[in-house]
Amino acid sequence: MIRKRTTKKRPTRRSLDPADIVPVVADGSIACPIADGRMVPLVIIDTATRPDLDELVRLHDHLSPGDVTYRWGQVDRDDDQVALSLQFTRPIEVRATLLFSIEHEGIIVDAALNSRALYLQPGRPGDRLKHDPHRPKILIETPNDDFRDRWEDVVIQRLTKVIRRQKRMPRAEARQLAADLLDQSRSLSRFRTPA
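Residues numbered from 1 in each chain as written. Predicted model: local features only at pLDDT ≥ 70, side-chain atom pairs only at ≥ 80, totals over all residues. Heavy atoms only, no water.

Chemist: Any chance you could explain helix α3 (residues 147-167) here in plain terms?
Modeler: Spanning 21 residues, α3 covers 29 Å between terminal C-alpha atoms, matching the ideal 30 Å at 1.5 Å per step. All of the buried residues in α3 are Phe147, Arg148, Trp151, Val154, Val155, Ile156, Arg158, Leu159, Thr160, Val162 and Ile163. Positive backbone phi, approximately 50°, marks Arg168, located one or two places after α3. (Helix = DSSP H or I, 4+ residues; strand = E, 2+ residues; numbered from the N terminus. Expected span 1.5 Å × (residues − 1). Buried < 20%, exposed > 50% of the residue type's maximum accessible area, 1.4 Å probe, protein only.)

Right under this line is the structure:
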């Protein structure tokens, strides 16, 4: 019997441009027909210093859908940070990178990966979806990404580390608790609105 040696596909490394990083100031979720009634996460980003992102969303209200390329990935030397890099090419060219803490915002990343979409809404610190649900926003569809295949291991590993630190429990128990917490959060994001 001949055994093939399996090699893990190494993730592509890309450097983050600090000028592209846009702070996420709030999050939420919206049920939408594009995702078959599933909940799609929404992030409100601080565009106080990024009028180009405000203009991008404004133009989407008046023009046909635009084009965007995206890339999910982990931030080097930080096992808690996940980045979503966006490069819009139409209606205007704009780049933005959103950073998420797995410990604090992992549920948003998980919901975006599972729904294969994310709403992006310009705003300021203190803004919430409930304050103005009709504020302009754009839907970014993220149908395929190799990061989705690695996400399960990434999130379980990080949550296990956090649980072990907080509760001082053995690794196996912490890993099981992390898996249970992830399943619970997914049951909420799987909620569908009736058609």
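Don't stop here, the text continues.
Chemist: How should the sheet that holds strand β1 (residues 24-31) be read in this particular structure?
Modeler: One key point about sheets: their strands pair by backbone hydrogen bonds, in either a parallel or an antiparallel sense. Reading across the sheet, the four strands line up as β1-β2-β6-β7 and stay open at both edges, with mixed pairing between neighbours. The outermost strands of the open sheet, each flanked by one partner alone, are β1 and β7 (138-141). For this sheet, the mean inter-axis angle between neighbouring strands, taken without regard to orientation, is 30°. As judged from the seven bridges shared by β1 and strand β2 (residues 39-46), these two strands associate in the antiparallel manner. Counted as the bridge partner of Ile30 is Val40 from β2. Packing of helix α2 (residues 102-115) onto the sheet brings it into contact with β1, β2 and β6 (117-123), and relative to β2 it is tilted by some 125°. (Pairing = 2+ DSSP bridges. Axes fitted to C-alpha atoms, helices over the stretch in contact; angles between N-to-C directions. Contact = heavy atoms within 4.5 Å.)

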